[in-house]
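Spelled out, the chains give:
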Amino acid sequence: MKFIVKIFPEVMMKSKSVRQRFSKMLQSSLRNILRREDEHARVILEWDKIVVRTTDDSDKNREFYREVLKNTPGIAHSLEVHESTFTDLDDIFQQALPVYKDLLAGKTFCVRAKRNGKHDFTSIDLERYVGGGLNQHTDAAGVKLRKPQETIKIEVEHEKLYLVTERHEGLGGFPMAGQEDVLSLMSGGFDSAVSSYLTIKRGSRTHFCFFNLGGDAHEIGVKQISYFLWNKYSSSHKVKFVSVPFDPVVAEILEKVDNSQMGVVLKRMMMRAATKVAERLGIEALVTGEAVGQVSSQTIRNLSLIDSVTDTLILRPLIVADKQDIIDTARKIGTAEFSETIPEYCGVISNKPTVKAVKEKIEAEEAKFDMSLIDQVVMAANVMDIRQIAEEAQEQVSDVEAVTEIAANEVILDIRSIDEVEDSPLDVDGLEVQHMPFFKLGNQFGELDQDKTYLLYCDRGVMSKLQALYLIEKGYGNVKVYRP
Ligand SMILES: Nc1ncnc2c1ncn2[C@@H]1O[C@H](COP(=O)(O)OP(=O)(O)OP(=O)(O)O)[C@@H](O)[C@H]1O
């Protein structure tokens, strides 16, 4: 199995040394991720592309490679190729026919060939011969050189023949660690998840900082979404997840600060604490999901007052984005379902929040605030390697590993999304498997028969553990995890 990975054009436009450095970063990111699952993965850097190969041709492995190549930053697109040897032009046509027959039915097409090495035909001969043959022997609607519906790509390299079978669009952006590290402030909402995705895509190793306002259930929710983002888009590099116990700060604000000023003051306190966390980790920029005008604390005046408490750069990737566009992106990248399950945990929602905070007034309110609390909560912060999220969940939830261990009153509950279930249904030796996608558990788990114990199932066992923790936290004792 072979994939040709085209590096994002913005990387290719850089000077030779930067281009080489970024290309090597992409090569090593891909190697890191692919080798974790497939020891046969080979990732070879050529000047304008990366060639990825493996000897494990199973469907499962092919799907894994496709997912990695679609979700790793720095890739423009990747081509999946069918690799073989050939004897002459007719042999190439005979091999191409079964590969493209179904694809061409009813469509206009053209053949584009690239050739390298000594052959007794040119690439134009190849295009004509194979194009003519496919036109005659398939149900194609004809050859069309300009704007055809399908372009068949064939490469001949010495004695090797490569038939491109599929093209997968990549994320674009820069390879991971191509830019400096950032600390993303994660509330679990739509905005902070999308802004974190954008900094990941741009090549910044994105660490997560969470201010806990809503107890353990809030923390589990934010851990799930952070872990999901890291695992899907940046798992080539280790990052930190920092959880700061922010309830003492909220309590102090509620007690000392005028109601209308609380929103802006809370955000200023978050920026002060985040600055200290970033300093501790040697990170030079913060990231938030703020967008002009979205809520009262996000007017230009208020954002500017929030900015002024720190010298650390605050990146706001969504600053002029519309809410609907943000939600659409969240859906596309897979974070929307998580964000929907996380309630707004804000302990300081004002009745009449100010949209035009006045510096002097804010400072007068903050003068009543015990600033040593910021140092205290930062000191008390829990800084963990994001991979520990999976390990920690493992320790707190009991596993059921084999069908033989399943008791009579236990039911397997498949919590994968509908698409995943349709692609690979879970079939367990005659046992009943119920399905409830993870994003419905929060609201609908209580509607299930509570005399039964539910064994949550997902592909890798991480989400099922975190969801089990979440349900246990909500007071359900009848939850375990099924890991066949
Ligand atoms: N509890 C929190 N922990 C960490 N960061 C937070 C927290 N609450 C808010 N933030 C940061 O502040 C930004 C603005 O939050 P706010 O709640 O005002 O707006 P929002 O539009 O609801 O954002 P989001 O959709 O990300 O929750 C968030 O995008 C996030 O970066």
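The rules we used
- Residues numbered from 1 in each chain as written.
- Predicted model: local features only at pLDDT ≥ 70, side-chain atom pairs only at ≥ 80, totals over all residues.
- Heavy atoms only, no water.
- Phe/Tyr/Trp six-rings, centres within 6.5 Å; stacked < 30°, edge-to-face > 60°.
- Helix = DSSP H or I, 4+ residues; strand = E, 2+ residues; numbered from the N terminus.
- 1 Å grid on protein atoms, 1.4 Å probe; cavity = no way out; pocket = protein on both sides within 12 Å on 5 of 7 lines; lining within 4 Å.
- Points joined across faces, edges and corners; volume = space filled by probe spheres on them.
- Nonpolar A, V, L, I, M, F, W, Y, C, P; charged D, E, K, R; others polar.
- UniProt positions renumbered as here; feature names shortened; annotations may be inferred.
- Contact = heavy atoms within 4.5 Å.

*Asks:* Break down the packing of aromatic side chains for me, with residues and values.
*Replies:* This structure, assessed with the given rule, holds 13 aromatic pairs. Seen from their ring centres, Phe3 and Tyr65 are 5.9 Å apart, and the 15° between their planes marks the pair as stacked. Here Phe3, found in strand S1 (residues 2-7), pairs with Tyr65, found in helix H3 (residues 59-71); they are 62 residues apart in sequence, far enough to count as distant. Here Phe22 and Phe174 contribute two aromatic rings whose centre-to-centre distance is 5.5 Å and whose plane-to-plane angle is 65°, an arrangement assigned as edge-to-face.

*Asks:* Outline the layout of surface pockets, listing residues and values.
*Replies:* Here the largest pocket defines a volume of roughly 2100 Å³. In terms of lining, the largest pocket is formed by 48 residues, of which the most central are Glu67, Asn231, Glu420, Asp459 and Arg460. Breaking the lining of the largest pocket down by element, the ones donating at least two residues are helix H2 (16-37), H3, helix H7 (215-233), helix H11 (323-333), helix H12 (336-341), helix H16 (418-423), helix H17 (438-444) and helix H18 (462-473). In terms of residues, the lining of the largest pocket owes the most to one element, H3, which gives 8 residues. Taken together, the residues of the lining of the largest pocket break down into 20 nonpolar, 9 polar and 19 charged.

*Asks:* So what's going on with the UniProt feature "active site" (unreviewed entry) in the protein chain? Which residues, and what values?
*Replies:* Feature annotation in UniProt places "active site" (unreviewed entry) on Cys458, given in this structure's numbering. On the secondary structure map, Cys458 appears in the loop between strand S18 (453-457) and H18. Beyond its immediate sequence surroundings of up to four residues, Cys458 is in contact with Ile415, Arg416, Met463, Ser464 and Arg483.

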